[in-house]
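# Chains, contacts and geometry: an overview
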Amino acid sequence: MTPRLPRRPSLPVFSGALHDARTATVTGRLLAAAVAVCFVTGLVSHVLQHPPAWPANGLPSRPVWGYRVSQGLHVASGIAAVPLLLTKLWAVYPRLFVRPAVRSVRHALERLSVAVLVASALFELFTGLLNIAQWYPWPFSFVPVHYAVGWLLMGSLLLHLAVKAPEIAAHWGRRSSGTLALPAEDGPDRRSLLAAVGAAVGAVTVVTAGQSVTPLRHLDLLAPRHPGHGPQGLPVNRTAAAAGIGPRAEVRERWRLTVTGPLPYTLTLDELAAMEQARVTLPIACVEGWSASAEWSGVRVRDLLERTAAPPSARIRVTSMERRGAYRVMEMGRTHARDPLTLLALRLHGEELSPDHGYPARIIAPNRPGVLQTKWVTRLEVL
Ligand SMILES: Nc1nc2c(c(=O)[nH]1)N[C@H]1C(S)=C(S)[C@@H](COP(=O)(O)O)O[C@H]1N2
Ligand SMILES: [Mo]
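Per chain, residues are indexed from 1 in the order of the written sequence. Think of it this way: whatever chain is written first is A, whatever ligand is written first is 1, and the rest follow in order. Where totals are concerned, whole chains, interfaces and linings use all residues; where local detail is concerned, this predicted model gives features only for residues with pLDDT of at least 70, and gives and counts side-chain atom pairs only at 80 or more. To get the side-chain values, all heavy atoms of the structure are used, and hydrogens and water are removed first.

Moving on, we get to the site of ligand 1. When we say a residue is near a molecule or strand, we mean one of its heavy atoms is within 4 Å of it. Around ligand 1 there are 19 residues in total, and Pro235, Glu322, His357, Arg362 and Lys375 lie nearest to it. Definition of a polar contact: a pair of N or O atoms within 3.5 Å, with one able to donate and the other able to accept a hydrogen when the atoms are protein atoms, and with sequence-neighbouring residues admitted only if both atoms are side-chain atoms. Take glutamate 322: an N or O atom from its side chain is 2.8 Å from a nitrogen atom of ligand 1. Taking arginine 362, its side chain carries an N or O atom lying 2.5 Å from an oxygen atom of ligand 1. Three classes are used, and their members are as follows: Ala, Val, Leu, Ile, Met, Phe, Trp, Tyr, Cys and Pro are nonpolar, Asp, Glu, Lys and Arg are charged, and the others, Gly among them, are polar. Of the residues belonging to the shell around ligand 1, the class tally is eight nonpolar, six polar and five charged.

Structural data, given as structure tokens:
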């Protein structure tokens, strides 16, 4: 009988040639590009939704499709980052097992910063994906946390790039060079890996981008929203039933538009419909990434403000009939309020708005997040 050998904790051995610095560099820079697009477009979205005091009154209302493109890119770059992040983590995970685990204070700090980087990247992609699916299985509120962790990710990424700059430089080109001579020439293995990653990024993009890129809508297999699906050919996030809005006949009877300002007034739906109507083609661009263009008609907000003799620089507050909900009250700066394309819309594609699209009246404005396109509007205040 052979005596049992005392068990020693064994560390995995990695011999794969692709767990090297060149793979880490090539996947890392693709990932960094996706994260950079995601971060910048995330900032755009944040500023439009929660404008700091100074630009709040003068945010640009053009180009009309600005937010549609920016938020479409935000969601598309986030989705593309998923296969890139997984590949990058696969390329570098053997480094989890380096021994000694901590060589110096500097090494400990470096490992800590990588832990923060990986955790924040996984967190952002995970919460972002679930948000697209409108699933919130966590106790915190999505927007502020996703925003704050975005900064954490950016900070730890910049730190990581600074620490790794010499290695990145050495492995940037096809033939690794510089002081760190490593056997990292691109062979068929790495080319296959990169081709597979490219195919994965292409596939996840093509099957989801149709939620905002209309020509790709027939390939929109995995996106939770399809731009053409919904009442009047347009998706709906919050339905009239969910918002507690009563049946159409009842709403028509008791609905009034109240406009407060220097000369306050109230209008019935017939009176509003008798005012000059404008027709505009503008997209709804939801922060969740889906967007769709539609033809709206209704009264220019500018005309409603002139009727109350509001000063030209006035900001306004718009309130919905909805009892509660995060998007019940919305503020709008001068540039949007005075834009001739900004309407209190009564019709969509030539028909009365359906209850789910905000009957009897909703805001539609150019270059704005969907969350600010308030439905079931009943009150307009000059601030
Ligand atoms: N009063 C109110 N308006 C609202 C919302 C809401 O929850 N309440 N949701 C907003 C969101 S998130 C979007 S994307 C658009 C969607 O408009 P639609 O349902 O007409 O497509 O309406 C916006 N207007
Ligand atoms: Mo939205």
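The buried label applies to any residue whose accessible area, calculated with a 1.4 Å probe on protein chains only, is under 20% of its type's maximum; exposed applies above 50%, and partly exposed to all values in between. Only DSSP runs of H or I with at least four residues qualify as helices, and only runs of E with at least two residues qualify as strands; both kinds are numbered from the N terminus onward. Residue alternation in strand S6 (residues 329-332) divides its side chains into a buried set, Met330 and Met332, and an unburied set, Val329 and Glu331. Pairing between strands is defined by DSSP: at least two bridges between the two strands are required. The pairing of strand S5 (residues 316-320) with S6 spans four bridges and is antiparallel. Following the sheet pairing, isoleucine 316 is matched in S6 by methionine 332.

By domain assignment, the chain separates into domain 1 (21-175 + 184-219) and domain 2 (233-382). Using only C-alpha atoms to locate each centre, domain 1 and domain 2 end up separated by 36 Å. Note on contacts: a residue pair is in contact if any heavy atoms of the two residues lie within 4.5 Å. Listed as interface residues are 23 residues of domain 1 and, on the opposing side, 29 residues of domain 2. The term buried area refers to how much accessible surface (probe radius 1.4 Å) is lost by two components on association, counted for both of them together. Buried surface at the junction of domain 1 and domain 2, summed over both partners, amounts to about 2100 Å²; 48% is from carbon and sulfur atoms. Of all residues in domain 1, Asn57, Tyr67 and Arg68 bury the most surface against domain 2, accounting for 29% of the area lost on that side. A pairing counts as a salt bridge when a side-chain nitrogen of Lys or Arg comes within 4 Å of a carboxyl oxygen of Asp or Glu. Between the two partners, domain 1 and domain 2, sit one salt bridge. As a salt-bridge pair, aspartate 339 and arginine 62 come within 2.7 Å of each other at their nearest N and O atoms. Inspection of the region where domain 1 meets domain 2 yields 13 residue pairs in polar contact (both at pLDDT 80 or more). Put simply, the parts of the chain that give the side of domain 1 that touches domain 2 at least two residues each are helix H1 (21-49), helix H2 (66-92) and helix H3 (105-132). Partitioned by chemical class, the residues of the side of domain 1 that touches domain 2 number ten nonpolar, eleven polar and two charged. Residue ranges for the domains originate in an automatic or database domain assignment.

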